[in-house]
Structures are given as C-alpha cells and as structure tokens.
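Spelled out from the first residue to the last, the chains are:
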Amino acid sequence: MTQLPLRAQLASALGRSAATLSRMTGRGDGSVIGGRVGLLLEPDLLRKLARDRKLALVSATNGKTTTTRLITSALLELGEVATNAFGANMPAGHVSALSQHKRAPYGVLEVDEKYLPEVLDTTGAGVVCLMNLSRDQMDRAAEIWLLAQKWRRALSGKPTHVIANCDDPLVTWGASTAAKVTWVAGGQRWKEDSWCCPECGGPLDRKDADWACRECTFHRPEPQWVVDDDAAIDPRGQRWLLDIQLPGQANRSNAVMALAVAEAFGLPVEQALPRLREVTSVAGRYTTVERDGRHARLLLAKNPAGWLEAFDVADPQLPIILSVNAQGPDGRDTSWLWDVDYRILRGRPVFVTGQRRLDLALRLDVAEVPFTLCESFNEALAMQPPGRVDVIANYTAFQQIRSEFGRAV
Ligand SMILES: [Zn+2]
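Residues numbered from 1 in each chain as written. Predicted model: local features only at pLDDT ≥ 70, side-chain atom pairs only at ≥ 80, totals over all residues. Heavy atoms only, no water.

Novice: When you look at the pairing of strand 14 (residues 320-323) in this model, what are you seeing that I'm missing?
Specialist: Looking along a regular strand, one sees side chains alternate from face to face of the sheet. Neither face of strand 14 is exposed, since Ile320 and Leu322 on one face and Ile321 and Ser323 on the opposite face are all buried. Alignment of strand 14 against strand 15 (residues 350-353), held across four bridges, turns out to be parallel. The residue of strand 15 that forms the bridge with isoleucine 321 is phenylalanine 351. Where strand 14 lies against strand 17 (residues 387-393), four bridges are found, and the strand directions are parallel. If you follow isoleucine 320 over to strand 17, its bridge partner there is aspartate 390. (Buried < 20%, exposed > 50% of the residue type's maximum accessible area, 1.4 Å probe, protein only. Helix = DSSP H or I, 4+ residues; strand = E, 2+ residues; numbered from the N terminus. Pairing = 2+ DSSP bridges.)

Structural data, given as structure tokens:
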C-alpha cells in the first residue's frame, strides 16, 4: 500500500490517541471520538484511508452489525480486515476503524442507511451489501422511500458491485441503478413497509416469495443466491447447509448475504462458510448472562421488524423479559409498539420493564397478553425460577443490561 500523506498520517495518529484516552477514561470504546479528531484535522481523511483497499459497505435497517461481523469473519481468510465492529456506523467510526488497521488490505464497514451515499462517494468502495429497509426511529430517521431514492442516485454511474436482497422491494429498487447486482433471495418477515411499488406507487402483488407491480414493469429480479430454510443455494445451484451458531432465520439470511459478498471478493463458499460458523455473538447480541442460576439470553430489537426477528429466535417454552427505553439512541417516539403483533407471546410468562414499561404494558393489555410489570431488569430476573429466560430489549435497555453484566461480548 502507498504511504498516507504526512497530514493524514498525523490526523490518523492523533485520532488513535484520542480513542485510547477515551477508553482509558471510561468514556466508551473511543471509536467515534478518535475518528472525529482525525476528521477535524484532515477532512479528507476517510478518502485517504480508504484508498488502495478493497472495501465492502453494509447497510440495512436491521442486521447490519451482524452481517458486517460475518463478512469480516469470512474475509479474514484472505488477509487482515479493518472493521467497525461496535456499530459506530457514521464516517467518524469508519475513520477510526481504518486508522486502527492501517495496513489491512480489506475493510468491511457497517454504514448507517442515511450515510451510505456519502460514504460510498468518499471511499469508492467496490462492494455494497444491502439487506432491508423498514420503519425505524420514527422521530429521527428519514422516510425510507427517500433513503432508497438516495441509494439509487449514489449507485448510479459507479462501478460498484451490489449484493442486494431481492425479497425486499424497496431494497431492490434502491439497488437497481447499480452497474452490477447480485440478487439474494434473503426473505422478508416484515412486509408492512412494502405494499406499494416504489417506482409508481401502484399495488404490489405477492405470490409466495415472488412480487410484481400490478401497474408497471417493476418486479422481483431472479435471485442468484437463495436462503432455503437452514441452507444456502449458490448461483450454481449447489446447496450448502449453513449450520451457523447465530440463531434464527434472520441470521441465516445474513449469513447467505455474507457468502455472496465473500464470493464477490473471490472467496469460495467452502472457505467462507467455516468462518461464519465461528461467530457466536455479535456486540453482546445472543450472549447469555448468568446470575444466581438464571441464564438470560440477550436479544436486541430496535424497531418493529427487529421484534419479529427476535420473536423468531425466542424459545416459546421459556419465560420472556421485555425491556423498552426511549432515550436518544432508541428514538423518543415509541408509537411503533403498536405496529408489533405481540399475540405470539400469549401463553408464556411475560415480564415487562424499562422506561416505557407502562406504554408496553398498555400495548400488551390490548393484545390480551398477560404480563407482570417490574421496576427494573434485576427485579424481573430475580422473579424467574432458576434456568433459562429470553430477554428482548431495545438499544439503551440492551446496553444497560450488558454493562451491568460486564459488557460480555
Ligand atoms: Zn409500479
């Protein structure tokens, strides 16, 4: 790799020092502050750090942290990989990730949906992985149709190879201006944000996995990769049993996206797949924490689509603790609680906690799901008999539980 210019080297080094200081003083993992310092000194730092590397950008409403991790794990087979493993998914986080692995020939960057156009322009990434778009953080995020439109503009005219989920009509539309697209039939559990054609506004007709606009030519492209229950079918028709450790259908879909990205980097399935099987938890998700004989498995759900994925993973035989907060990173507006169908929880012991426990309690009451209201997570955990329990929490609720149990990764 070519040397960075002196100014960029200095900016990068100072950013790393700031990150170290931030970690030492207990202000977090430092990945954002370090990148901010670097960008302040050298606004063009991200472009310079990205040059000469083979990069993949990963964006979606749900699953981007996990898929970033899976792709990273696979590409380690080829060499050193720079990545923003802890979800710092805006440019400062990208600068920090690339600074920390200056010589890594590969980079896998999770990118906030809104920042994807800017980060793609700046880094010139060769591969972009797009998985799903649905309502999220209702008081902060842009209308998702506008996001998809921005993706279209950003991808148009670039040589980028896009790996996209063709079961999500909005993602398909967002990706379809790209010069080269590999379509993955990754499934779509949450359909409430894609009943209309993004091209003309007409109704979308669905038949099994297939979909097509009734009024224009927009339709589901033919997939090269298919997620078929617990297996991947590759573009040559070969079936691969996934057998990954991360639970649930959403993660099997993430894994197949990762296999398609790995192949775009020249890495065949037989080399990539064993690496995906090594991943057991991602930034604390799916981790089990233990106290007094109670083993609580932590599931993160930040928006309606995420709750459906968490329900798919949760064991119907077990009690379940739900914790909902409404701090900045969660979005202050929790009206989305009304979009989730909680009836699936009927018949399980349900415990409700978090800042917005009363909102959730009302929602469950309307859905006729019996529950126990708890002042805190600790109280809810203490009410469990010894054994296993599932926990679904939104962002800051999840982080609180993690930090209390020593941030098990
Ligand atoms: Zn249409």
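Novice: How should the nonpolar core be read in this particular structure?
Specialist: Across soluble globular proteins, you tend to see nonpolar side chains buried next to one another. Leu259, Leu276, Trp307, Leu322, Tyr342 and Ile392 are the most contacted members of the largest nonpolar core, which totals 64 residues. Per-element accounting of this core gives the leading share, eight residues, to helix 9 (residues 249-264). Dropping the residues within four chain positions of it, tryptophan 307 is found in contact with Ala301, Leu322, Val324, Trp336, Val340, Tyr342 and Ile392. By size, the runner-up hydrophobic cluster in this structure holds 45 residues, among which are Ala97, Leu109, Val111 and Ala185. (Core = buried A, V, L, I, M, F, W, Y, C linked by side-chain atoms within 4.5 Å. Contact = heavy atoms within 4.5 Å.)

Novice: Just to check I follow, could you spell out the pairing of strand 7 (residues 204-207) for this structure?
Specialist: As paired elements, strand 7 and strand 8 (residues 210-213) share four bridges and run antiparallel to each other. Directly across from aspartate 205, in strand 8, lies its bridge partner alanine 212.

Novice: Please explain the packing of aromatic side chains as it appears in this structure.
Specialist: Two descriptors summarise a pair of aromatic rings, namely the distance from one centre to the other and the angle between the planes of the rings. One pass over the full model with this rule turns up eight aromatic pairs. Plain terms: the ring middles of tryptophan 211 and phenylalanine 218 are 5.1 Å apart, the flat faces sit at 45° to each other, and that makes the pair tilted. A centroid spacing of 5.5 Å and a plane angle of 70° characterise the contact between tryptophan 307 and tyrosine 342, whose relative ring orientation is edge-to-face. Note that tryptophan 307 is positioned in helix 11 (residues 304-313) and tyrosine 342 in the loop between strand 14 and strand 15, a separation of 35 residues in sequence. By the burial criterion, tryptophan 307 is buried, and tyrosine 342 matches it. Linked through ring pairs, Trp307, Phe311, Trp336 and Tyr342 together constitute an aromatic cluster. Of note, arginine 206 hangs over the ring of tryptophan 195, and the distance from its end group to the ring centre comes to 5.4 Å. (Phe/Tyr/Trp six-rings, centres within 6.5 Å; stacked < 30°, edge-to-face > 60°. Lys NZ or Arg CZ within 6 Å of the ring centre and 35° of its normal.)

Novice: Explain the sheet that holds strand 3 (residues 106-110) to me, please; I cannot follow it from the model alone.
Specialist: In a beta sheet, neighbouring strands pair by backbone hydrogen bonds and run either parallel or antiparallel. Read from one edge of the open sheet, nine strands run 2-3-1-4-5-6-9-10-11, paired in mixed fashion. In this open sheet, the two edge strands, each paired with only one partner strand, are strand 2 (81-83) and strand 11 (239-241). The average undirected angle you get between the axes of adjacent strands in this sheet is 20°. (Axes fitted to C-alpha atoms, helices over the stretch in contact; angles between N-to-C directions.)

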